[in-house]
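# Examining the three-dimensional arrangement
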Amino acid sequence: MGDVSLSGVSVLARLAADGPNSPGSLAELERVRPQAMASTLAVLEQRGLVGRTPDTADGRRIIVAITQEGQAMLAERRSESVHRLSVVLDEFTEEERETLASALPLLDRLAERL
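Residues numbered from 1 in each chain as written. Predicted model: local features only at pLDDT ≥ 70, side-chain atom pairs only at ≥ 80, totals over all residues. Heavy atoms only, no water.

### Notes on unusual backbone geometry
One non-glycine residue with positive phi stands out, namely Arg 31, at about 60 degrees. With respect to the helices and strands, Arg 31 occurs in the loop between α2 (23–30) and α3 (34–46). (Helix = DSSP H or I, 4+ residues; strand = E, 2+ residues; numbered from the N terminus.)

Given below as structure tokens:
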């Protein structure tokens, strides 16, 4: 299936967590221009990772949803990341791992504000 861009993975993760959404709303949430979101969605759709359907409330709008293939790719990618993280963390001492764990709430707060 090839690599998916970071922006593509971010969109897939958002759709998996928050559910279907319109391209315009996704662009706002991802803080990208609508044209950039359209390109990202086109690639994801071409790979079968998202699907588009008309909005039932407004037939002029499109709603994008993650597909089963997208869910599977996202789960596989997360699994690989967890494995890599686990291998690297094994190189740290117990004290260093505790320091990292204590910093996680601060890093979460930082990520929320970016």
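### A look at helix α5 (residues 94–113)
A rise of 1.5 Å per residue sets the reference length of α5, with its 20 residues, at 28 Å; its end C-alpha atoms lie 30 Å apart and thus fit the reference within 8%. Along α5, the largest kink reaches about 40 degrees and is centred on Leu 104; proline Pro 105 follows within four residues of it. (Expected span 1.5 Å × (residues − 1). Bend = angle between axes of the 7 residues up to and from the residue.)

### Structural notes on the packing of helix α1 (residues 6–18) against helix α4 (residues 68–89)
The geometry of α1 relative to α4 is characterised by a closest axis approach of 10 Å and an angle of 110 degrees between their N-to-C directions. When the axes of α1 and α4 are compared, the pair comes out roughly perpendicular. The chirality of how α1 crosses α4 is left-handed. Contacts between α1 and α4 involve Leu 6, Val 9, Leu 12, Ala 13 and Ala 16 from the first element and Gln 71, Met 73, Leu 74, Arg 77 and Arg 78 from the second. A breakdown of the residues in the contact of α1 with α4 according to their chemical character gives seven nonpolar, one polar and two charged. (Axes fitted to C-alpha atoms, helices over the stretch in contact; angles between N-to-C directions. Parallel < 35°, antiparallel > 145°, perpendicular 65-115°, else oblique. Left-handed = near helix turned anticlockwise from the far one by under 90°. Contact = heavy atoms within 4.5 Å. Nonpolar A, V, L, I, M, F, W, Y, C, P; charged D, E, K, R; others polar.)

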